[in-house]
Amino acid sequence: MAEEQKVGDAQLGAMLEASRDFAFQLLAEKGKLIPFGARAGKSGDIEFVRVADESSTEPLDEIYTRTQELLAGQASADEIIVATTVAHVAIEGGIGEEGYERAIRVHVEAPDFSRIIFAPYNVVPGEQEGTATLEPGKMVAQEADAVVFAA
């Protein structure tokens, strides 16, 4: 195995922010979110990965699993040093102080690091019919088992 490169807080934060922002963009543009991933190699460049698009009829949990499997293969081949898998979730009972019921779940992973961050949001109807904006809430993090960098 190649020498393991340490991933710093700045890289992890950049992956989280880019993944969350891309998820909000897709949700605003498409009206729904199909699970996707993001990856970065040693250069640090972030690339988004989608194994399905909005026209897919495949169950969302299967798309999420396939995305993780794709990234795990790249991690075990030492092609990437940090990855995220991203999905939309409904949270029964709400999350955070504001009690948001919807969130973007971003699983951020690197060697020896794995967290799930929930980025809650509300949909605020616009002044014109059929328009809306997403109002983000405070992110909530929790420990998580590694999947992409599990080996």
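The structure we're discussing is the one just above.
So, here's what we can say about the structure. (Residues numbered from 1 in each chain as written. Predicted model: local features only at pLDDT ≥ 70, side-chain atom pairs only at ≥ 80, totals over all residues. Heavy atoms only, no water.)

**Brief notes about the nonpolar core**
Step number 1: Of all hydrophobic cores here, the largest spans 23 residues; its most connected members are L33, F36, V82, V86 and I104.
Step number 2: Contributing elements (two or more residues each) for this core: helix 1 (9-30), strand 1 (36-40), strand 3 (82-95), strand 4 (100-110) and strand 5 (113-125).
Step number 3: Setting aside its immediate chain neighbours within four residues, V82 contacts V7, L12, M15, A38, R39, A40, E109, A110 and F149.
Step number 4: Counting eight residues, the second-largest nonpolar core is a separate cluster that includes I91, A103, F118 and A144. (Core = buried A, V, L, I, M, F, W, Y, C linked by side-chain atoms within 4.5 Å. Buried < 20%, exposed > 50% of the residue type's maximum accessible area, 1.4 Å probe, protein only. Helix = DSSP H or I, 4+ residues; strand = E, 2+ residues; numbered from the N terminus. Contact = heavy atoms within 4.5 Å.)

**Some remarks on the environment of V51**
Step number 1: Among the structural elements, V51 can be located in the loop between strand 2 (46-49) and helix 2 (60-76).
Step number 2: Sequence separation of V51 and F36 is 15 residues, and the distance between their C-alpha atoms is 7.1 Å.

**Brief notes about the pairing of strand 1**
Within a regular strand, side chains alternate between the sheet's two faces.
Step number 1: With respect to burial, strand 1 is a largely interior element, five of its five residues being buried.
Step number 2: Because side chains alternate across strand 1, one face comprises the buried residues F36, A38 and A40, and the other comprises G37 and R39, equally buried.
Step number 3: In terms of strand pairing, strand 1 meets strand 2 through four bridges, oriented antiparallel. Within strand 2, the position partnered with G37 by the bridge is V49.
Step number 4: Hairpin remark: strand 1 followed by strand 2, antiparallel, with five residues in the connecting loop; positive phi at G44, about 90°. (Pairing = 2+ DSSP bridges.)

**Describing the environment of D145**
Step number 1: Here D145 is to be found in the segment after strand 7 (140-143).
Step number 2: For D145, the residues in contact, after removing those within four places along its chain, are H107 and S114.

**Details of the side chain of T67**
Step number 1: Here T67 is to be found in helix 2.
Step number 2: Contact partners of T67, with chain neighbours within four places excluded, come to P35, F36, G37, V51 and T85.

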